[in-house]
Amino acid sequence: MGKPIVAIVGRPNVGKSTLFNKLAGKRISIVQDTPGVTRDRVYAEAEWLRYNFTIIDTGGIEPESEDIIVSQMRRQAQIAIETADVIIFIVDGKEGLTGADKEVAQMLRKSKKPIVLVVNKVDSLKEENNAFEFYNLGIGDPITISASQGLGLGDMLDKVVEHFGDIDDEAVDDEIIRIAFMGKPNVGKSSLINRLLGEERVIVSDVPGTTRDAVDSYLETELGKFILIDTAGLRRKSKVKEEIERYSVVRTLAAIEKADVCILMIDVEEGVTEQDEKIVGYAHEMNKAIMVIVNKWDLVEKDDKTMDKYKKELEMKLKFLNYASYLFISAKTGQRVHKVLEMAKECYDNYCRRISTGILNEVINKAVLMKEPPVVGVKRLKIYYVTQVGIKPPTFVFFVNDYKALHFSYERYLENQLRSSFDFKGTGIKLQFRERNEKND
Ligand code: GDP
Ligand code: GDP
């Protein structure tokens, strides 16, 4: 189960992006070679007190007229209601209450989602009075902020994280593996899901708390319990092209955030598209277990080398996913469909793998003996001790003399050693380095 999702909703120009950028701060992690992630600021990681959460900016498109604003805001609010755990509804303290604000407030109120009402552009104390009229919206006490000056953000975040406690904890059942199926329309997501649901002769039912998303299916097999999440929202119609794209990205991101294993489905005849790279890039950024399924394998004329060749091409394209598992199937004929859940379960197990400190240090000591760290500048890296501090994905802390002495090639070497000693197929792993004085050892 992923981090809580906080969506920002509000009229154009109220300051959504300004707030978003402030919250995303410097902590947004940017993996150099993940395509699309840095360009597109729909989504960011944020942190307040001991909470980590994901923020989504649902806005983004500039509408030309007042009636479009209203219809667009309705859609924004709808997306936020569907995907977010807490909604920040932001209004403009300088402009005052508008009709569009009232409409959205009504929708949000009906949704029963936790709402934090924020009045932006209250740049000084004497403008505090501007907030009073927003009590009329009937969604609680407005909090005044100045996004551009960074005022009031702490109070606002306190309110936001307060609601995390009320989130329906679907995660109670930690044994359920959540799988998100990502991919363009027509790659065969629903065909595959239907097959998985049908073939396994299983109980297909509603799980309490998961009904909010109509496209989730629950499934139990001898492998375990699964929730299959179809990101089919992608096909929803809208007149504005960018709007469809942004909203489908938001929906998909929310599905990824709630998933353990993300499956990118590709149509063998189409190959990987830019949109695929971007979406799977997000899954990678969000530290999910990842599988790539090439579907419609029945359409390919092949010999014994075709699969290997195809796989190599894919790996070249998706370089940053060097850990992903690949599977070639036909949802139509059923070829290798029985492997899908098996492989997803393997990825998940690896994603949750814990290595005991003793064995871990043995492996690393041996690795260092086999290949000494290079001298960087005037120093040579010394590793005192390694320990695993987390799972999902497995995260290791290396205590070292001086991390400036860490050469990236040596970090890669250490990761490869871990990967060849333990099964981490299908999951990223994280290596962190902390300095520690030898005398504290
Ligand atoms: P969005 O369309 O809702 O994403 O709004 P933007 O974040 O792009 O902001 C719209 C305009 O409002 C920009 O010119 C911002 O500089 C300005 N703005 C944002 N926050 C504040 C604020 O706290 N005070 C003032 N005075 N202006 C702000
Ligand atoms: P979705 O939009 O990703 O959910 O894709 P669908 O499951 O609706 O499938 C789109 C189309 O591709 C349908 O006409 C399917 O019959 C077809 N299709 C799905 N899987 C396969 C496959 O493995 N082989 C072939 N030849 N067609 C497939």
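Here the structure is a predicted model, which means the values were calculated and not measured.

Within the protein, the regular secondary structure consists of eleven helices and 17 strands. Across the 441 residues in the protein, those meeting the buried criterion constitute 52%. Taking the intrachain contacts of the protein between residues at least 6 apart in sequence as the baseline, contacts between residues at least 24 apart amount to 74%. Counting every atom, the protein has about 21300 Å² of accessible surface; 48% of that belongs to carbon and sulfur.

Attention now moves to the site of ligand 2. Taken together, 16 residues sit near ligand 2, with Asn-186, Lys-189, Ser-190, Ser-191 and Asp-298 positioned nearest. For ligand 2, an oxygen atom lies 3.3 Å from a polar atom in the backbone of Val-187. Take Asp-298: an N or O atom from its side chain is 2.6 Å from a nitrogen atom of ligand 2. Per-element accounting of the shell around ligand 2 gives the leading share, three residues, to helix H5 (residues 189-199). Split by residue class, the shell around ligand 2 holds four nonpolar, six polar and six charged.

In this section: unusual backbone geometry. That bond from Lys-392 to Pro-393 is cis: its omega, 5 degrees, falls within 30 degrees of zero. Here Pro-393 shows up in the loop between strand S15 (383-390) and strand S16 (395-400). Of note, Asn-287 is a non-glycine position whose phi angle comes to about 60 degrees, a positive value. With respect to the helices and strands, Asn-287 occurs in the loop between helix H7 (274-285) and strand S11 (289-295). For Asn-287, a relative accessible area of 24% corresponds to the partly exposed category. For Lys-392, the location among the structural elements is in the loop between S15 and S16.

Attention now moves to the confidence of the model for the protein. For the protein, the average pLDDT comes to 84, and 84% of its residues sit at 70 or higher. Counting interchain partners and residues more than four positions distant, the pLDDT-below-50 stretch residues 200-214 has 25 contacts. Scored below 50 in pLDDT, residues 233-238 shows 13 contacts in the model against residues more than four places distant or in partner chains.

It is worth spelling out the site of ligand 1 at this point. Residues in contact with ligand 1 amount to 15 residues; listed here are only the nearest, Asn-13, Lys-16, Ser-17, Thr-18 and Asp-123. Separating an oxygen atom of ligand 1 from a backbone N or O atom of Asn-13 is a distance of 2.7 Å. Within the contact set of ligand 1, an oxygen atom lies 3.2 Å away from a side-chain nitrogen or oxygen of Lys-121. Contact with the protein chains covers 70% of the free accessible surface of ligand 1, which is 580 Å². Among the elements that line the shell around ligand 1, the one with the most residues is helix H1 (residues 16-24), at three residues.

So, on to H7. For H7, with twelve residues, the first-to-last C-alpha span of 16 Å sits near the 16 Å given by 1.5 Å per residue. Buried residues of H7: Asp-276, Glu-277, Lys-278, Ile-279, Val-280, Gly-281, Tyr-282, Ala-283, His-284 and Glu-285, and no others. At the C-terminal side of H7, Asn-287 shows a positive phi close to 60 degrees.

Across the sheet, six strands lie side by side as S2-S3-S1-S4-S5-S6; this open sheet has mixed pairing. On the outer flanks of this sheet lie strand S2 (43-48) and strand S6 (143-144), each paired with one strand and no other. Packing against the sheet, H1 makes contact with strand S1 (5-10), S2, strand S3 (51-57) and strand S4 (86-92), and its axis sits at approximately 155 degrees to S3.

Before going further, it helps to spend a moment on the nonpolar core. Among soluble globular proteins, nonpolar side chains are generally buried collectively. One finds Phe-89, Ile-256, Leu-318 and Leu-321 to be the most contacted residues of the largest nonpolar core, which totals 66 residues. Two domains share this core, each providing at least three of its residues, namely domain 1 (5-169) and domain 2 (176-351). Ile-193, Leu-197, Ala-289 and Met-291 belong to the second largest nonpolar core, which has 29 residues in total.

As for its placement among the helices and strands, Thr-144 is situated in strand S6. Taking the relative accessible area as the measure of exposure, Thr-144 reaches 16% and is therefore buried. Among the polar contacts listed, one links the side chain of Thr-144 to the side chain of Glu-128, at a separation of 3.2 Å.

Negative charge collects at one region of the surface, where Glu-222, Glu-342, Glu-346 and Asp-423 lie side by side. Inspection of the secondary structure assignment puts Glu-346 in helix H9 (residues 338-351). Look at Glu-346 and you get partly exposed, because its relative accessible area is 47%.

Our next topic: the pattern of salt bridges. Per the counting criterion, the structure on display carries 19 salt bridges. Residues Glu-270 and Lys-184 are paired through a salt bridge, measuring 2.9 Å at the closest nitrogen-oxygen approach. Taken together, the positions of Glu-270 in the loop between strand S10 (261-267) and H7 and Lys-184 in the loop between strand S7 (177-182) and H5 put the pair 86 residues apart, joining distant regions of the chain. The exposure class assigned to Lys-184 is partly exposed, which follows from its relative accessible area of 28%. Lys-345 is paired through a salt bridge with Asp-349; the nearest N and O atoms lie 3.0 Å apart. In this pair, Lys-345 and Asp-349 both sit in helix H9, four residues apart, roughly one turn of the helix. You can call Asp-349 partly exposed: its relative accessible area is 32%. Three or more residues are tied together by salt bridges with common partners; here these are Arg-11, Glu-95 and Asp-101.

What counts, and where the lines are drawn
- Residues numbered from 1 in each chain as written.
- Chains lettered and ligands numbered in written order.
- Predicted model: local features only at pLDDT ≥ 70, side-chain atom pairs only at ≥ 80, totals over all residues.
- Heavy atoms only, no water.
- Helix = DSSP H or I, 4+ residues; strand = E, 2+ residues; numbered from the N terminus.
- Buried < 20%, exposed > 50% of the residue type's maximum accessible area, 1.4 Å probe, protein only.
- Contact = heavy atoms within 4.5 Å.
- Areas by Shrake-Rupley, 256 points an atom, 1.4 Å probe, with all protein chains shown as cover.
- Near = heavy atom within 4 Å.
- Polar contact = N/O pair within 3.5 Å; in protein donor to acceptor, adjacent residues only side chain to side chain.
- Nonpolar A, V, L, I, M, F, W, Y, C, P; charged D, E, K, R; others polar.
- pLDDT = per-residue confidence, 0-100.
- Expected span 1.5 Å × (residues − 1).
- Pairing = 2+ DSSP bridges.
- Axes fitted to C-alpha atoms, helices over the stretch in contact; angles between N-to-C directions.
- Core = buried A, V, L, I, M, F, W, Y, C linked by side-chain atoms within 4.5 Å.
- Domains from an automatic or database assignment.
- Patch = residues over 30% accessible without salt bridge, like charges linked within 9 Å, V, L, I, M, F, W, Y side chains within 5 Å.
- Salt bridge = Lys/Arg side-chain N within 4 Å of Asp/Glu carboxyl O.
- Lys, Arg positive; Asp, Glu negative; His and termini not counted.
- Charge placed at Lys NZ, Arg CZ, Asp CG, Glu CD.

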